[in-house]
Amino acid sequence: MTTPELEEKLLATVAELRDATDNLTDLAREWAKADHYYRHAKAIAYLSSEGKTVADKQAQVDKVCKEEREKAHTADALREAQREKVRALMAELTAYQTIAANMRADMNLAGRYET
């Protein structure tokens with residue numbers, strides 16, 4: 001890998017990481033909102049349920065809140081997937097930085113780089 005190629009990869013990864021981080025922020029907000037609606041709907045459903053046992057009440061709550069639960073769980077899964085993408089991009093960036101350090105050391109040994 002040449003120095004210009006490495007520089008191009010570093011800059012592209014930084015840009016992708018910035019975009020992924022922004023997207024993660026948006027997904028975290030969406031999850032928080034969906035989770036809020038789910039918890040609110042769950043509380044209302046539980047208080048208005050007429051089951052005799054806790055299991056009966058929970059079954060009624062699950063039935064009433066299935067859409068809110070699905071939205072919250074889907075938002076959570078998307079947020080977590082994006083978080084993993086951010087971690088992967090950070091690892092990729094670290095790898096490129098290591099390659100850059102190795103290239104600099106090689107050039108220093110060859111007398112082509114001065115600090």
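Predicted, not measured: the structure shown is a model, and the values here were computed from it.

**A word on the packing of helix α2 (residues 54–64) against helix α3 (residues 66–109)**
The interhelical angle for the contact between α2 and α3, taken along N-to-C directions, is 70°, at an axis separation of 5 Å. In terms of their interaxial angle, α2 and α3 are classed as roughly perpendicular. For the pair α2 and α3, the contacting residues are Asp-62, Lys-63 and Val-64 in the first and Lys-66, Glu-68 and Arg-69 in the second. Of the residues in the contact of α2 with α3, the class split is one nonpolar, no polar and five charged.

**A look at the packing of aromatic side chains**
Scanning the entire structure with this criterion turns up zero aromatic pairs. The lysine or arginine in question, Lys-57, covers the ring of Tyr-46, its NZ or CZ lying 5.5 Å from the ring centre. The ring of Trp-31 carries the charged tip of Arg-79 above its face, separated from the ring centre by 4.1 Å.

**A closer look at the pattern of salt bridges**
Two side chains carrying opposite charge are able to pair once their charged atoms lie near each other. Under the defined criterion, the tally for this structure stands at eight salt bridges. Measuring nitrogen to oxygen at the nearest pair gives 4.0 Å for the salt bridge that ties Glu-16 to Lys-85. Placement of the pair is Glu-16 in helix α1 (residues 3–48) and Lys-85 in helix α3, with a sequence separation of 69 residues. In this structure, the salt-bridge partner of Asp-76 is Arg-79, at a minimum N-O distance of 2.3 Å. In this pair, Asp-76 and Arg-79 are both assigned in helix α3, three residues apart and thus about one turn of the helix distant. Classification of Asp-76 by relative accessible area gives partly exposed; the value is 29%. For Arg-79, a relative accessible area of 14% translates into the label buried.

**Examining the nonpolar core**
Membership of the largest hydrophobic core is limited to eight residues, which are Ala-34, Tyr-38, Ala-41, Ala-45, Val-61, Cys-65, Ala-72 and Ala-75. Of all the elements in the fold, those that place two or more residues in this core are α1 and α3. When residues in this core are grouped by element, the largest group, four residues, is from α1. Here Val-61 is in contact with Lys-42, Ala-45 and Tyr-46, once residues within four sequence places are set aside. Among the nonpolar cores identified, the runner-up in size contains six residues, and Ala-20, Val-86, Leu-89 and Leu-93 belong to it.

**Comments concerning the environment of Lys-9**
Of note, Lys-9 is situated in helix α1. On the basis of relative accessible area, Lys-9 is assigned to the partly exposed category, the value being 37%. Between the C-alpha atom of Lys-9 and that of Leu-93, which follows or precedes it by 84 residues, the distance is 8.8 Å. Once you skip the residues sitting within four places of it in the chain, Lys-9 turns out to touch Met-1 and Tyr-96.

**Here we look at α1**
Across its 46 residues, α1 extends 66 Å between first and last C-alpha, which sits within 8% of the 68 Å expected from 1.5 Å per residue. Leu-6, Thr-13, Leu-17, Ala-20, Leu-24, Leu-27, Ala-34, Asp-35, Tyr-38, Ala-41 and Ala-45 are the residues of α1 that are buried.

The rules we used
Residues numbered from 1 in each chain as written. Predicted model: local features only at pLDDT ≥ 70, side-chain atom pairs only at ≥ 80, totals over all residues. Heavy atoms only, no water. Axes fitted to C-alpha atoms, helices over the stretch in contact; angles between N-to-C directions. Helix = DSSP H or I, 4+ residues; strand = E, 2+ residues; numbered from the N terminus. Parallel < 35°, antiparallel > 145°, perpendicular 65-115°, else oblique. Contact = heavy atoms within 4.5 Å. Nonpolar A, V, L, I, M, F, W, Y, C, P; charged D, E, K, R; others polar. Phe/Tyr/Trp six-rings, centres within 6.5 Å; stacked < 30°, edge-to-face > 60°. Lys NZ or Arg CZ within 6 Å of the ring centre and 35° of its normal. Salt bridge = Lys/Arg side-chain N within 4 Å of Asp/Glu carboxyl O. Buried < 20%, exposed > 50% of the residue type's maximum accessible area, 1.4 Å probe, protein only. Core = buried A, V, L, I, M, F, W, Y, C linked by side-chain atoms within 4.5 Å. Expected span 1.5 Å × (residues − 1).

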